[in-house]
Amino acid sequence: MSQLYTSLAACTLLLLCFISHGHGAAVMSIDLGSEWMKIGVVSPGVPMEIALNKESKRKTPTVIAFRDGARIFGEDAQTMGLRFPSNTFFYLFDLLGKTVDNPIVELYRKRFPYYEIVGDAERNTVVFKSEDNLYSVEELVAQLIQKAREFAEDSTNQQITECVLVVPGYFGQAERNALLDAANLANIKVLQLINDYSAVALNYGIFRRKEMNETAQYFVFYDMGAYKTSAAVVSYQLVKDKATRETNPVIQVLGVGYDRTLGGLEMQLRLRDYLATEFNNMKKTKTDVFTSPRALAKLFKEAGRVKNVLSANVNHFAQIEGLLDEQDFKFQVTREKFEELCKDLFERVAAPLQQALTTSGLALENVNQVILFGGGTRVPKVQEVLRNAINQDLGKNINMDEAAAMGAVYKAADLAMGFKVKKFVSKDAVIFPIQVTFEREGESGNVKLVRRSLFGPMNPYPQKKVITFNKHTDDFSFNVNYAELDHLRADELQRLGSFNLTKVSLSDVANIIQTNSGDAIESKGIKAHFTMDESGLFTCTGIELVVEKTVIETEDEGTLSKLGSTISKLFSSGKDAEEGENGQNTEEPSTTDDKAKTDAPETSTDKSTTDTKDKADESSKEPPVDETKSKETKSKESQDKDEAKSKEETKAKDKSEDVKVEEVKPKIVTVKEKIPNKVETLFAVRLDGEKLEAIRKKVDDLNALEKRIVRRETAMNALETFVIDSNQKLDEEEYASCATEEEIEAVRKACADVSEWMYEDGENAEAEVYEDKLKELEKLTNDIYARHWEHTERPDALNMLNQVLNGSSSFLLTAKNFTKEVDPEKDIFTAVEIASLEKIITTTQAWLVEELEAQNVLARNQPVRLTVKSISEKMASVDREVKYLVNKMKIWKPKIVEDSLKKLKDLNATKVERNETAEDGGDQIETPEVVDTETDGNADFKEASEDFENIIKATETNNENDEQHSEL
């Protein structure tokens, strides 16, 4: 039945709070591109989808800006960048893990000259200096990851702690580790780093499982983004797992090509510089536009817009108001001119595709299709160059912007707990081969450098490798480096950074070898274990000395073996014990054992044959009594001799087996002992220790400051909105009639005071002050809004009450026919119950008439007498009484039914007796059918009760709808 409106509101609020604070198993993926970031999310029961940002858009600019202690993201940060470009940071992704002397950093300085970049004092990595603040690339990326998680949590209404991050395939060990440091600062667990082309290939494959078979199909995924271009040759094939015997689709990267400086950004920058040059040629001002950071930022944004428009149009005007010295700029750009500016860039478009085919070892004829993704591939000239290079149509059947994020979130669901996805195996490929180098003394005494390849070019990973050092008997060290990079250009080798990855130093080697040496010990060398995990991260997992020891079992071990054999005999039969002993010595079977095994069946067979013969003789003739006894006596004596002989053979066998237990062959045992080692990172040093905690505190402080700012802005907007809304409502007769003149004057005066305060003294007030003032205004308006709500909702409530009373009255008339006084056979209700229902209906009707008369004489601005709450309480009381009677009727059974069942049972028993008599020649009796005693006499009552329940359901539905319009 219906509940009080306030109770409904409280329940609804509690449910919403529970949902918003629920800790679900949702996970996300982040395609953190140089220009845009896309966030994929998946939660239990909800399919994969793209999370929307605050502006309800599917992608967000990867821009972060700082101004006056405030932090801004996305499009708002882009807008601020036009005014304060040096405080706005973007295109950060490729700066991860780079030292300040890397050519990529020098190129960044050239592209954006208004940034001041310095080296970290300890790590020599990139740090932006803005005014008096220093920002490392890791902490800026960490804050972007936090913002992405915020969008994902808003989309799923769940807390998210795990994600999969999309990275360019050419990211080396330095860049990947730096990104993990950024995720650590963001307090989010990274399930895996997945290469962008692998994520796209996975997204492409999961929707085409039925098209795959045991024959490999080859595709090329070509990506041109804002910062880089890459191509990957990928195979799709169904492969049977030898361990699980299951057949699953497998994606394997066979070849990769890339150009890390070819992308939409370079085209946009060339167009920016072209527009700047044209503006200078107009001579509108003496100031060179290249010297103005704000002017360059405006030109950069306009160049991006024009570039996008030229993808669909042959010409377009670039327009900027107040570009420099309040001078406007308007200039027409044609697609032909744009292609001329980027001519050398378009000549490099096909190179990554050719490089990918070369490294894969496949010809273009073996490739099914070249599939495009990335925003840069929308440029018509790029598509034209690729089409001419492959002489076939390009594939455009995936979402160019979201494919990587969707593939990565599928991988996240596969790796996270709480999801079950169809198995789809993915194997990536090593782009930068890794080798181990170490020094070893030769036969002539000279020290030579030895190289051992660990992960060769295009080797699949994840993978584990082991290298054995056989000739080192003292402490030594080895290095892990990039190798076999002949396929890279000279400028790309410089951008790669340090070729040296780690140096591993072993200690206490001589002592450990001495401890594990001896006559019965053979050394198998020092083994170093390495792994390349699913994220493409290389690690040395451990180093150990492996030796093989020859061990001879002692006499005690033989005694234990004998004891175990004896115990097993106690719990088994003689034959089982014999079989068990034979089984223990299967490696060295004895002649005696074989003979015993052979003799036993033969003896059994002879005995069986003899017994059969004797039985046959006994059946053919009756032997004399004396002869039979004599034969039985002889047979018994012979049997006793055989048993004695068998016991002696068993004892002899036990003794021989005891000797064998003592004569066990030597056993070879493998022993592994860990060797202490120190791993030193030779590329960009990772964030750890005090440095990591200091940056974490800085990021946490920024988060707390942002929360305070958001709370303050929310409180200020709420107060301002309430002031405006209150004044507007009091201007309406509908609300003004519910307030007295004194109340209206008090509310208007309070609103005027608050409004004046907000625009003068309260402009910089804290959130708590705004919230307190809002509470004061609500106290003044609560009575007015409550009266308005009562007058608005009362007609519907009265309508519902009248329906309940009418239904109850109809039910009462029908229920009076089901009492003992009216019909003894249908005494469902007692007279007291009928009287109780009649009384509550009568009193409610009288109360309603009285309260309506009293309420109608009151003005709308006077205290309400007939409240919605009191009406709801009356409905609830009538509903309780009727439901009690309805439920009683549902479980009631007429007495005549019980009597009929008893008579039927007696008749069935009589029928059985008569049938038995009939079988002996007696008569049979026909059993009469039992008629259902629930006749149509109850139909009226059922109809009345059903009508009343329908009224109640309608009342509850209307009450729920009323709750949505509540103003309180």
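Everything numeric here is computed off the predicted structure, so don't read it as measured data.

About the thresholds
Residues numbered from 1 in each chain as written. Predicted model: local features only at pLDDT ≥ 70, side-chain atom pairs only at ≥ 80, totals over all residues. Heavy atoms only, no water. Helix = DSSP H or I, 4+ residues; strand = E, 2+ residues; numbered from the N terminus. Buried < 20%, exposed > 50% of the residue type's maximum accessible area, 1.4 Å probe, protein only. Contact = heavy atoms within 4.5 Å. Areas by Shrake-Rupley, 256 points an atom, 1.4 Å probe, with all protein chains shown as cover. Expected span 1.5 Å × (residues − 1). Arc of directions from axis to C-beta. Polar contact = N/O pair within 3.5 Å; in protein donor to acceptor, adjacent residues only side chain to side chain. Phe/Tyr/Trp six-rings, centres within 6.5 Å; stacked < 30°, edge-to-face > 60°. Lys NZ or Arg CZ within 6 Å of the ring centre and 35° of its normal. Salt bridge = Lys/Arg side-chain N within 4 Å of Asp/Glu carboxyl O. Pairing = 2+ DSSP bridges. Axes fitted to C-alpha atoms, helices over the stretch in contact; angles between N-to-C directions. pLDDT = per-residue confidence, 0-100.

1. Some thoughts on the overall build of the protein chain
Helix and strand counts for the protein chain come out as 27 helices and 29 strands. Buried residues in the protein chain amount to 43% of all 968 residues. Here the analysis covers contacts within the protein chain between residues at least 6 apart in sequence; of these, 72% occur between residues at least 24 apart. Entry remark: accessible area of the protein chain is about 52,700 Å², with carbon and sulfur atoms responsible for 49%.

2. So, helix α22 (residues 741-758)
With 18 residues, α22 should reach 26 Å at 1.5 Å per residue; the first-to-last C-alpha distance of 26 Å fits that figure. Residues E743, I744, V747, A750, C751, V754, W757 and M758 constitute the buried set of α22. Down the axis of α22, the smallest arc covering the buried residues is 165°, so these residues share one side. Pointing more than 90 degrees away from the buried face of α22 are the exposed residues E741, E742, E745 and K749.

3. A short note on helix α24 (residues 831-856)
With 26 residues, α24 ought to run about 38 Å at 1.5 Å a step, and its terminal C-alpha atoms sit 38 Å apart, in line with that. Along α24, the residues classified as buried are E833, I834, L837, I840, I841, T844, W847, L848, E851, A854 and Q855. On its buried side, α24 packs onto α23 (767-815) and α25 (868-891).

4. Side note on the side chain of N87
Here N87 is to be found in the loop between α2 (74-83) and β7 (88-89). We classify N87 as buried; its relative accessible area is 6%. Among the polar contacts made by the side chain of N87, one reaches the side chain of S130 at a distance of 2.6 Å. Apart from residues no more than four positions distant in its own chain, N87 is found in contact with I64, A65, F66, R67, S130 and E131.

5. Here we look at the packing of aromatic side chains
Following the criterion strictly, the structure yields 40 aromatic pairs and no others. In textbook terms, an aromatic cluster arises when at least three aromatic residues are bridged by ring pairs, as seen for F66, F89, F90, Y91, Y108, F112, Y114, Y115, F128, Y135, Y227 and F300. Positioned above the aromatic ring of Y227, the side-chain terminus of R111 is 5.2 Å from the ring centre. The lysine or arginine in question, K773, covers the ring of W757, its NZ or CZ lying 4.8 Å from the ring centre.

6. Section: the environment of T670
Along the chain, T670 turns up in strand β28 (residues 667-674). With relative accessibility at 45%, the residue T670 sits in the partly exposed group. As for T670 and S523, which are separated by 147 residues in sequence, their C-alpha atoms are 9.8 Å apart. With residues up to four places along the chain from it excluded, the contact list for T670 reads V546, V547 and E548.

7. Some words on the pattern of salt bridges
Inspection of every chain in the model, using the stated rule, returns 47 salt bridges. For R58, the salt bridge goes to E402, with nearest N and O atoms at 2.6 Å. With R58 in the loop between β3 (46-50) and β4 (60-61) and E402 in the loop between α12 (380-390) and α13 (403-415), this residue pair connects regions lying 344 residues apart in the sequence. Across the pair D401 and K59 runs a salt bridge whose closest N-O atoms are separated by 3.8 Å. Of the two residues, D401 sits in the loop between α12 and α13 while K59 sits in the loop between β3 and β4, which places them 342 residues apart along the sequence.

8. Regarding the sheet that holds strand β27 (residues 538-551)
Strand order in the open sheet formed by four strands is β23-β26-β27-β28, with antiparallel pairing between adjacent strands. Sheet topology places β23 (463-469) and β28 at the edges, where each strand pairs with a single neighbour. Across the sheet, the mean angle separating the axes of adjacent strands is 30° when strand polarity is ignored. When strand β26 (residues 521-532) meets β27, the two strands line up antiparallel, connected through ten bridges. Looking at the pairing, K527 lines up with E544 of β27.

9. A look at unusual backbone geometry
In this structure, P462 follows Y461 across a cis peptide bond, with omega equal to 15°. With respect to the helices and strands, P462 occurs in the loop between β22 (460-461) and β23. In this structure, N124 is a non-glycine residue whose phi angle is positive, near 60°. Tracing the sequence through the fold places N124 in the loop between β8 (117-119) and β9 (126-130). A relative accessible area of 34% means that N124 is categorised as partly exposed. Of note in the backbone geometry, N391 takes a positive phi value of approximately 55° without being a glycine. Structurally, the position occupied by N391 is in the loop between α12 and α13.

10. A short note on the side chain of T814
Here T814 lies in helix α23. Here S810 takes part through its backbone oxygen, which lies 3.3 Å from a polar atom of the side chain of T814.

11. Re the confidence of the model for the protein chain
Mean pLDDT for the protein chain: 81, with 78% of residues reaching 70 or above. Contacts for the low-pLDDT stretch residues 1-24, under 50 throughout, to residues beyond four places or in other chains number 34 contacts. Taken as a whole, residues 569-636 scores under 50 in pLDDT and shows 23 contacts with residues more than four places along the chain or in a different chain.

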